[in-house]
Amino acid sequence: MKVVVGLSGGVDSSVTAYLLQQQGHEVVALFMRNWNDASVTLEDECPWIEDSNDALMVAQKLGIPFQVIDMSDLYKERIVDYMFDEYQKGRTPNPDVLCNREVKFDVFMKTAMSLGADKVATGHYARVDSTFDENGKEIFHLLAGKDNNKDQSYFLCQLNQDQLSNALFPIGELTKPRVREIAKEIGLVTADKKDSQGLCFIGKVSLPQFLQQQLVPKEGEIVEIFKDSPLFSQEIPDFSSKEEELEFLSRKIKYKKADGKVIGKHQGAQFFTIGQSKGLGIGGHKESCFIVSRDMENNIIFVGESHSFPGLHKKALKIAQSELHWVREDLKLKNGESMDVMARFRYRQELQQAKIYQFEDVFYMEFENPQSAIAEGQFASWYIADELIGSGVIS
C-alpha cells in the first residue's frame, strides 16, 4: 500500500513513517510549509526551516522520498484569517482543530491522493477502526489514543467518514515514551526534539503579537464583578420545558460596567479569552482574577476573583444547528432525542459526564457538574466509551 506521511519534523511523525515502512508499505514523506513570516515567532529564525531540515534528515535516514509543499496561502486563508475574525468577535477558536479539518485532511489529503496514495498518515495519538453495518456499509470509528496523557482525538473532532476512511494513525497504539524509545533505537535526529507548543505547523508563536498584526490595540477598562453581586442571586425560574431550562443554564450573563468596579486597563478585549488569569496586570487580591466575560462593543473585560467565582462556571452549553458535526452520522440525534455521553471542550481536559439534547433548531450539552471557562468558539466534543462521535462550535 502506498502511504503518504505528513512529516512535520517532530518525533511523532518520524516514528509514524518508520512504523509504516516496517509494515511493508511504500512510504512517501511530504512536509507542509504553512508559514513564511518569522516576525511573530519566538525563535530567532523561521521554525519551518529547522523543521523541514529535520524532516529531510529523517526521510534520508529511512530512505524514503521527500517533498516540501507550500500551503502558506491556503493556511492564511482558512486558518489565520478565520482566527483573526473569531478573536475580533470575542470568540476563542482552536486553530489545531481547524488545521486538521481544513488543511491536513482536506487539501493535503487530496494532494496525497493525487500522487497515487492509498492512505494518508499523521503522527496523531488517536486510532481509526471500522465495522460494517447491517447493510454492509463500512463505518469508521475515531478512537482515543492509548496514551491517556497524549490522546489527540479531540484535535480530529471535525473529521468526517470520508476523511477517516483514508487516514492512518500508527502511533495511536503507543505511548509517547515508547515513541521516543523507538526513535532513539533507530537513531532518528528527532528522538529528543521537544514537542511543538505553537500553532499548528507554524511553531512557537506569541499570540498577542500574532493577533496584533491585524487587530488594532485599543485601551479599555477592566471591571471586577464581586461574588455577592445580585446577578448571581436570581431565583431559578420554573421551566415549562427541558429546552427552556437548558437555554437558561447555557445563557451568557450580560455584565455592565455599573455591575462592578473599574480596577485596571487593558489594550484590547480581543487579545484575551474567557478563563484567562495571566497578563491582566491586576494586583491586590488574595486569589487570581479570571476573565468571566468580554464586552466587545464597549471594549470592557469583566473579571472575578478565584477559581470558584460563580460567573466562571456553567452547567450547560449551546451549539447552533449549523455548527453541529457528527463523525458518526448513523448516531445523529433526531429532534427531541437525548444521549448520555462523556465530553470535553478543550484539549487535555478530563472527560466529563454529560447529556446531549437535540431540538429542532438547537443542540445542548448539559454537564453532571458545572464547568469552568466555557468560551464561545471552542469546540465541544462527545464520546461513547473511547470513541469520539461528534463535535460542534460553542455558541
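Described below are features of the structure shown in this document. Everything quoted here is computed from the prediction, not taken from an experiment.

### Focus on the overall build of the chain
In terms of regular secondary structure, the chain is built from eight helices and 17 strands. The C-alpha atoms of the chain give 23 Å as radius of gyration, which agrees with the globular expectation for 395 residues (21 Å, within 12%). The C-alpha extent of the chain, read off along each of the three principal axes, is 65 × 55 × 35 Å. Of the contacts made within the chain by residues no fewer than 6 positions apart, 68% connect residues no fewer than 24 positions apart. Taken as a whole, the chain presents about 18400 Å² of accessible surface, with 46% of it coming from carbon and sulfur. Here the chain contributes 45 positively and 59 negatively charged side chains, and the mean placements of these two sets differ by 3 Å.

### Some remarks on the packing of helix α1 (residues 11-22) against helix α6 (residues 176-185)
Relative orientation of the contacting elements α1 and α6 amounts to 65°, with a least axis distance of 9 Å. Between α1 and α6, the angle is such that the two are roughly perpendicular. The handedness of the crossing between α1 and α6 is left-handed. Together, Val11, Asp12, Val15, Tyr18 and Leu19 of α1 and Lys176, Val179, Arg180, Ile182 and Ala183 of α6 make up the contact between the two elements. Of the residues assigned to the contact of α1 with α6, the class counts are seven nonpolar, no polar and three charged.

### Some points on unusual backbone geometry
Here the phi dihedral of Ala373 falls at roughly 60°; this positive angle occurs in a residue that is not glycine. Here Ala373 shows up in the loop between β15 (362-372) and β16 (379-384). With relative accessibility at 9%, the residue Ala373 sits in the buried group. Notably, Ala385 is not glycine yet its phi reads approximately 55°, a positive angle. Position of Ala385 among the secondary structure elements: in the loop between β16 and β17 (387-394). In this structure Ala385 comes out as exposed when scored by relative accessible area, which is 63%.

Thresholds applied
- Within each chain, residue numbers correspond to sequence positions counted from 1 in written order.
- Owing to the predicted nature of the model, reporting of local features is limited to residues with pLDDT of at least 70; listing and counting of side-chain atom pairs is limited to 80 or more, with chain, interface and lining totals taken over all residues.
- Heavy atoms throughout the structure, all of them, feed into the side-chain values; hydrogens and water do not.
- Numbering of helices and strands runs from the N terminus; a helix is a DSSP stretch of H or I covering at least four residues, while a strand is a stretch of E covering at least two.
- Radius of gyration here uses only the C-alpha atoms, and the compact-globule reference equals 2.2 Å multiplied by the residue count raised to the power 0.38.
- Two residues form a contact once any of their heavy atoms are found within 4.5 Å.
- Each accessible area value is a Shrake-Rupley result obtained with a 1.4 Å probe; residue values ignore everything except the protein chains displayed when judging cover.
- Counting rule for charge: Lys and Arg are taken as positive, Asp and Glu as negative, and neither His nor the chain ends is counted.
- In plain terms, the charge of a residue is placed at NZ if it is Lys, CZ if Arg, CG if Asp and CD if Glu.
- A fitted line through C-alpha atoms represents every axis, and for helices the fit uses only the stretch in contact; the resulting angles, taken between N-to-C directions, go from 0 to 180 degrees.
- An angle below 35 degrees is treated as roughly parallel, one above 145 as roughly antiparallel, one from 65 to 115 as roughly perpendicular, and anything else as oblique.
- Two helices crossing with the near one rotated counterclockwise from the far one by less than a right angle form a left-handed crossing, whereas a clockwise rotation gives a right-handed crossing.
- Side-chain classes follow a simple rule in which Ala, Val, Leu, Ile, Met, Phe, Trp, Tyr, Cys and Pro form the nonpolar group, Asp, Glu, Lys and Arg form the charged group, and the remainder, Gly included, forms the polar group.
- Exposure categories follow from relative accessible area, calculated using a 1.4 Å probe and restricted to protein chains: below 20% of the type maximum is buried, above 50% is exposed, and the middle band is partly exposed.

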